[in-house]
Amino acid sequence: MTEALADVTEGSPVVSLTTAGDPRHVRLALARRRQHRVAAGLGTLALIPLAMVPDIVANDYQLRVATFAVMYMGLATSWNLFSGFTGYPSFGHAAFFGLGAYTAGIGTARYGMPIWVALGAAFFLVALFALAMGLLTLRLKGHYFAVATLGIAEAIQAIVNWGKSYTKGTFGFALPLSATGVSYATQYRVMLGCFAAVVALTVTILWSRLGARLLAVREDEMATESLGVNAGLVKIVTLGLSGALTGLFGAVFAWVLGFLTPDSVFAARIGLEMVVMTIVGGMGTVLGPILGGLGFYLLPEILIGERNEMYLVWIGGLLVVTVLFLRRGVIGTLQHSRFWPRGLRL
Amino acid sequence: MKARSPDVVLEATGMTKRFGGVIAVKDVSLDVREHEVTGLIGPNGSGKTTTFSMIGGTIRPDDGEVRLRGESLSRRSPHEIARRGVVRTFQLTRVFPQMTVFENLTMRLGVRRTLAQDDLWELIHMVGLHVKLDAYAGELSYGQQKLLDLVRAVSMKPAVLLLDEPFAGVNATMERRLVDLIRYIRRAHQTSVFLIDHEMNVIMNLCDHIFVLANGSLICAGEPTHVQNDPATMEAYFGKGRITGPRSA
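Predicted, not measured: the structure shown is a model, and the values here were computed from it. (Residues numbered from 1 in each chain as written. Chains lettered and ligands numbered in written order. Predicted model: local features only at pLDDT ≥ 70, side-chain atom pairs only at ≥ 80, totals over all residues. Heavy atoms only, no water.)

Student: Can you help me understand a nonpolar patch on the surface in this one?
Tutor: Residue and element names in this part refer to chain A. On the surface, Val 38, Leu 42, Leu 45, Ile 48, Met 52 and Ile 56 cluster together into a nonpolar patch covering about 610 Å² of accessible area. When residues of the nonpolar patch are assigned to their parent elements, the largest contribution, four residues, is made by helix H2 (residues 24-51). Tracing the sequence through the fold places Ile 48 in helix H2. We classify Ile 48 as partly exposed; its relative accessible area is 47%. (Patch = residues over 30% accessible without salt bridge, like charges linked within 9 Å, V, L, I, M, F, W, Y side chains within 5 Å. Areas by Shrake-Rupley, 256 points an atom, 1.4 Å probe, with all protein chains shown as cover. Salt bridge = Lys/Arg side-chain N within 4 Å of Asp/Glu carboxyl O. Helix = DSSP H or I, 4+ residues; strand = E, 2+ residues; numbered from the N terminus. Buried < 20%, exposed > 50% of the residue type's maximum accessible area, 1.4 Å probe, protein only.)

The structure is reproduced here in structure tokens:
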């Protein structure tokens, strides 16, 4: 997968691989491609210990924690794919997560879909929803966009609460084809697979023309348009993809949990967590949301020993520290230091 | 008197734009001819940038039409207009500061296809940015950012390059380099240039044809010597009765 990834991102060699007499721009491109290959290789290697986590952990509780930690890493990465790279802060990703979960839940409970079909349905349905939401909100920028997305997410939760005959309202419902009977280890590995796919997709996009265009939109949308790039299309396609991936995690979450209530998947808190994790880790980087998701989920677990409301204090505290001292987030600050090769985006 | 090139590349007719009760641009018609450098001058607030923005599609005109080689550009979005060959730069440079020079250049076509553009890299080498390829554009000096902005616009192989005050805020050395670059671009890339500026010396030197705007209306058009001696233009710039003859700024 690694090799394939590097090929997709940089294309087949059109320039000679002998670097001796090459002009600077060619040397730079070749060096960057080598760096990308090394990074993709290391990333793939990192999957091995991650896949072995079920064999290492002491008990089911820890495996459960690991499963949700991986999910949050994936959620932050999905959020970052749109909001981190384009700079449009979505506070409505909880809607994608919840819709994904409910699509899978209703698909299996009401229509007897096999879980794999339900996961696919969640992906595509949420993609459509995200595209529609993009059409409505992407004319707005900055705070206006943030508030509009938050409002839509809240509205969706209200609708799910209200449509009792179809969604069972606030009582929620159980999934008949839930993960009962499937081992926790398998559930963890399914989650890990989704996470790896999202990261692979993110670097593929980031290292391609689309990624550069997303960053350009973040930097200066009007200048991007003046260079002949359809910024609107770039934004909406990426929002659709980001939403669909978030929805996929929602569907897997429903499958793992086996029981759904609107509050467990639509709460604005979930969208907010993706935002905070990514900001703390580093918006617009690949490693930032991964580190942010991991740290945010595991630290309270390690330090407090249980998940209680104290984690909210954590969220607030870390966010304040980040905003004050590390405005680009942990990874972002690191990658802006002079030790990091300029333009190597990870 | 030197005859203008007969081939019209870009033609704007009857351009009008109102902002509330203010008429920013009133019934302005102008054209850019093949391979010429055309200037648009006028005092502050005379509607120059608004005219550019209407041509570039970022401001929708209330009236009037823009045609590129006969094809109407009205109602097209900025990126479509840019792709059709009318590329603009902005008054303040709009490079992407947190992207490297290399990324600024490769964003549009992707790395592979941009690498194949020999003339682009030649231009980059010419302006000396080849040693800065992996610097963030925001780390460049203002003059270098101007050069990058210009080269990036030229990389689109535009039919008409719209430059909004390319010489504003640069020192004399950089100004000469920019002038040389614009001349080179016109010659080597067969591009027509349409520019706004206040630097009278440069404008008079560089332009083949000049349009003068005042209070949103076209008050004079012609070759530099004609414009320089036009009483209405002098009045618009310096006020009535203060200047007795042509003068270089």
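Student: What's the story with the sheet that holds strand E7 (residues 160-164) of chain B in this structure? I'm lost.
Tutor: What holds strands together in a sheet is hydrogen bonding between their backbones, with the strands either parallel or antiparallel. Residue and element names in this part refer to chain B. Pairing in this open sheet of six strands is mixed, and the strands run E6-E7-E8-E3-E9-E10 from one edge to the other. Looking at the sheet topology across the chains shown, the edges are occupied by strand E6 (86-88) and strand E10 (217-222). For this sheet, the mean angle separating the axes of adjacent strands, direction not counted, is 20°. In this sheet, E10 lies alongside strand E9 (residues 209-214) in antiparallel orientation, the contact comprising five bridges. Counted as the bridge partner of Leu 213 is Leu 218 from E10. (Pairing = 2+ DSSP bridges. Axes fitted to C-alpha atoms, helices over the stretch in contact; angles between N-to-C directions.)

Student: Sorry if this is basic, but what is going on with unusual backbone geometry here?
Tutor: Trans is the common state for peptide bonds, and a negative phi is the common state for residues other than glycine. Here the phi dihedral of Lys 168 of chain A falls at roughly 70°; this positive angle occurs in a residue that is not glycine. Here Lys 168 of chain A is to be found in the loop between helix H8 (164-167) and strand E1 (173-174). Backbone geometry at Lys 157 of chain B places phi at a positive 50°, although glycine is not the residue there. Along the chain, Lys 157 of chain B falls in the loop between helix H6 (142-154) and E7. The class of Lys 157 of chain B is partly exposed, set by a relative accessible area of 47%.

Student: Mind showing me how you'd approach the sheet that holds strand E2 (residues 22-33) of chain B here?
Tutor: Residues and elements named next belong to chain B. Here we have four strands laid out as an open sheet, ordered E2-E1-E4-E5, and antiparallel in their pairing. Edge positions in the sheet fall to E2 and strand E5 (71-72), since each has one partner strand and no second. Bridge analysis of strand E1 (residues 8-19) against strand E4 (residues 63-68) gives five bridges, and the strand direction is antiparallel. Paired with Ala 12 across the two strands is Val 66, which belongs to E4. Where helix H1 (residues 48-56) meets the sheet, its contacts fall on E1, E2 and E4, and the angle it forms with E1 comes to roughly 115°. (Contact = heavy atoms within 4.5 Å.)

So far we have only geometry, and geometry alone does not tell us how the molecule works.
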